[in-house]
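Residues per chain are reported as follows:
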Amino acid sequence: MRNILKLIVVLTAFCVGSAFSLAFVRQATKERIEYQKLKILVAPAVKAVFPSYDNDPILERIKVKLTEKEIINVFPAKKAGNLIGIAYEGIGSGHGGAVEVLIGIDLNGKILGIKIVKHGETPGIGTKATESVEFLNQFKGKGVGSKLAVGEDIEAVSGATETSAAITEAVRKAIEIFPKVKQEVG
Amino acid sequence: MEGRLVKEFTKGLWEEIPPFRFVLGLCPTLACTTAVRDGIGMGLCLTFVLVCSNMLISLLRKVIPSQVRIPCFIVVVATFVIIVELVTQAYFYPLYMALGIFIPLIVVNCIPLGRAEAFASKNAVIYSLADGLGMGLGFTCSLTALAIFREIFGKGTLLYHHIMWSGFEPFAFLQKPPGAFVCLGLMLGIMNLIGSGEK
Amino acid sequence: MMEQQVWTFSDYIMLVVSGVLVNNILLIRFLGNCPFLGVSKKMDTAVGMTFGVIFVLTCTGPITWFVEHYLLEKFDIVYLETLAFILTIAVFVQLVEMAIKKISPGLYRGLGIYLPLITTNCCILGTCFYNIRFKFGFIPTIVFSFASALGFGLALIIMAGIRERFHYARIPKCFQDTSIGLITAGLIGLSFFAFAGLAK
């Protein structure tokens, strides 16, 4: 009996020791790993949506809590230490699932640029909208107060209306939460 | 004691070098040697796991009951593997992406578990350290040698810099899986030739 | 690759073809090499190992899938994947070994000795990881695990068949045993490349 007890104690001790050390390493590396993953995912988009900046928006990302469950990453762009704009994602529902759009907005609520980060649209059809520089440039200059609706202030790409609507939806949703985000970012 | 320490360390570098003499750890040898950076990276990750697990197991060898030694070894090795996995993910992300599932597969790599069973559980900490370091570095050297060959002739680059002349047609076969097997087999054969020549 | 929501029967066939031939777990994906060279010297050891791997992998694939989706993801401890999987596999193999010993000593004599070796076979843990990386659902996990094991067995048996004939070949001393085994494995793998166009 004592033998089995010893086995159980030793094994448990090992598992506990392992769990503690792993939890510690995990906490220490969590931020950095998230940074690396985000860098691969959105770095090109962040570069594309801001005209110019001299900091590392991804490293200086701010977590903004929208609701109890929704926390988004906001990437601040700075020039000489001053905040010039923020970028964050809006999501619209397209033909092949969620369309994630990164939107760069200046402090007055005007859109500086948008870039598609992730989508499942059909190549050759839906991608006519996701890759059209003309279509994406339409959003520049619009912002808080714009209608952002297809057919009214946004022209859809012919043959890719569903995707165009999805992208517009994503931008609209992002603009809608801009006041709250700006407040949290300060 | 000095002599023995040196002996335990150097045996991993030639006489018992994995994977050539000690046929262990073949999977990462074949999979992670398409580029020198990956070969060195994999070798160093394995060396870290090997040295740490060897030392910890040797430290606790009197405490681990024989019946549950294998699960204990597995927990120790797996813990260090996860630590290596998290650290590479945090600080060497391109390497982490290149090595893929082979970092967590270090846990079933015969080298850490094999050395734990055969050596660390029976020897003092300082010798286990030497053994782990020797084997790990030997493994790293083997991987690097294979990777140098495969990268230079298979891709024309070394550490991702182009070093071959511009008209060079890379021998793409070396970069593919069958090429890895053939390359390793030939290198092993040549090593055996050199080894038998020494006797 | 293969991140589909709805699987048709032909998708499963493609999965099997891919696992066994096109992306053969051993010759193309490099998993399972250590026992490969040790066990492929004779046909009967090769067959024994094959059955062992097929059984263990087809069972542990789905089991580890459950562990990942209902345990690790629920508690947000996905980074412990490596530890959880290897312990699951080790415990499973241990239980199976004890069961076979009790139920059928004959089967144990034929198969049982390979079971501890299978625990540290990279092919098992590797396939369990691939099931997660490729984001397979439950049924595709079972099919892929089975197909990978089948591929492993196929490579192993072909290898054993060829190596048994090495007795009659004159191989230079320095290339004997492991060295020629590796070169042969490479050439077999090269022939599997011919299947590359069959599936993605």
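Residues numbered from 1 in each chain as written. Chains lettered and ligands numbered in written order. Predicted model: local features only at pLDDT ≥ 70, side-chain atom pairs only at ≥ 80, totals over all residues.

**A short note on the interface of chain B and chain A**
- Contacts between the two partners involve 17 residues from chain B and, on the opposite side, 15 residues from chain A.
- Here the side of chain B that touches chain A is built from residues that sort into 14 nonpolar, three polar and no charged. (Contact = placed C-beta atoms within 7 Å. Nonpolar A, V, L, I, M, F, W, Y, C, P; charged D, E, K, R; others polar.)

**Some points on the packing of helix H6 (residues 110–120) of chain B against helix H7 (residues 125–154) of chain B**
Residues and elements named next belong to chain B.
- Running from N to C, H6 and H7 cross one another at 150°; their axes reach a closest spacing of 11 Å. By the angle between their axes, H6 is roughly antiparallel relative to H7. Helix-helix and strand crossings are classified by hand; for H6 and H7 the assignment is right-handed. Contacts between H6 and H7 pair Ile111, Arg115, Phe119 and Ala120 from the former with Ser128, Asp131, Gly132, Met135 and Phe139 from the latter.
- Its residues assigned to classes, the contact of H6 with H7 shows five nonpolar, two polar and two charged. (Axes fitted to C-alpha atoms, helices over the stretch in contact; angles between N-to-C directions. Helix = DSSP H or I, 4+ residues; strand = E, 2+ residues; numbered from the N terminus. Parallel < 35°, antiparallel > 145°, perpendicular 65-115°, else oblique. Left-handed = near helix turned anticlockwise from the far one by under 90°.)

**Notes on the pairing of strand S1 (residues 62–65) of chain A**
All names here are of chain A.
- Sheet topology note: the S1/strand S2 (residues 71–79) ladder contains four bridges and is antiparallel. Directly across from Val64, in S2, lies its bridge partner Ile72.
- Hairpin geometry of S1 and S2 is characterised by an intervening segment of five residues between the two adjacent antiparallel strands. (Pairing = 2+ DSSP bridges.)

**Let's talk about the nonpolar core**
- One finds Val49(B), Val77(B) and Leu125(C) to be the most contacted residues of the largest nonpolar core, which totals 116 residues.
- Residue contributions to this core peak at 13 residues, all from helix H4 (residues 69–91) of chain B.
- Every residue in contact with Val77(B), bar those within four places of it in the chain, is listed here: Val49(B), Ser53(B), Val107(B), Pro112(B), Leu113(B) and Ala116(B).
- Val49(A), Phe50(A), Ala77(A) and Ala166(A) belong to the second-largest nonpolar core, a separate cluster that totals 34 residues. (Core = buried A, V, L, I, M, F, W, Y, C linked by C-beta atoms within 7 Å. Buried ≥ 20, exposed ≤ 12 C-beta atoms within 10 Å, placed from the backbone.)

**What about the interface of chain B and chain C?**
- Contact with chain B, which involves 34 residues of that partner, is made by 34 residues of chain C.
- Contributing elements (two or more residues each) for the side of chain B that touches chain C: helix H2 (26–31), H4, H6 and helix H8 (177–198) of chain B.
- Looking at the side of chain B that touches chain C, the element that brings in the most residues is H8(B), giving 13 residues.
- Partitioned by chemical class, the residues of the side of chain B that touches chain C number 27 nonpolar, six polar and one charged.

**Some remarks on unusual backbone geometry**
- Even without glycine at this site, Ala80(A) takes up a positive phi of about 55°.
- One non-glycine residue with positive phi stands out, namely Phe30(C), at about 70°.
- Inspection of the secondary structure assignment puts Phe30(C) in the loop between helix H1 (9–22) and helix H2 (33–39).
- When the 25 C-beta atoms within 10 Å are taken as the criterion, Phe30(C) is described as buried.

**Details of helix H4 (residues 161–176) of chain A**
All names here are of chain A.
- With 16 residues, H4 ought to run about 22 Å at 1.5 Å a step, and its terminal C-alpha atoms sit 22 Å apart, in line with that.
- All of the buried residues along H4 are Thr163, Ser164, Ala165, Ala166, Ile167, Thr168, Glu169, Ala170, Val171, Ala174 and Ile175.
- Elements that come into contact with the buried residues of H4 comprise strand S3 (82–94), strand S4 (97–106), strand S5 (111–118), helix H2 (127–130), helix H3 (133–137) and helix H5 (178–185). (Expected span 1.5 Å × (residues − 1).)

**Topic: the packing of helix H3 (residues 36–59) of chain B against H7(B)**
Residue and element names in this part refer to chain B.
- In contact at an axis separation of 8 Å, H3 and H7 are set at 170° when each is read in the N-to-C sense. Between H3 and H7, the crossing angle belongs to the class labelled roughly antiparallel. Two packed elements cross with a definite hand, and for H3 against H7 that hand is right-handed.
- Looking at the contact of H3 with H7, its residues break down into 19 nonpolar, 10 polar and three charged.

**Some details on the environment of Ala156(A)**
All names here are of chain A.
- In this fold, Ala156 is placed in the loop between H3 and H4.
- Given 18 C-beta atoms within 10 Å, Ala156 falls into the partly exposed group.
- Spatially, the C-alpha atoms of Ala156 and Ile4 are 72 Å apart, while their sequence positions differ by 152 residues.
- In this view, Ala156 contacts Val150, Thr161, Ser164 and Ala165; residues no more than four positions away in its chain are not counted.

**Overview of the sheet that holds S1(A)**
Residue and element names in this part refer to chain A.
- Taking strand neighbours across the sheet as the criterion, the five strands line up as S1-S2-S3-S4-S5 in an open arrangement whose pairing is antiparallel. Whereas interior strands pair on both sides, the edge strands pair on one side only; in this sheet they are S1 and S5. Here the average twist between neighbouring strands, direction ignored, is 30°.
- In this sheet, S3 lies alongside S2 in antiparallel orientation, the contact comprising five bridges. Counted as the bridge partner of Pro76 is Ile86 from S3.
- In the packing of helix H1 (residues 2–49) onto the sheet, the strands contacted are S2, S3, S4 and S5, and the crossing angle to S5 comes to about 150°.

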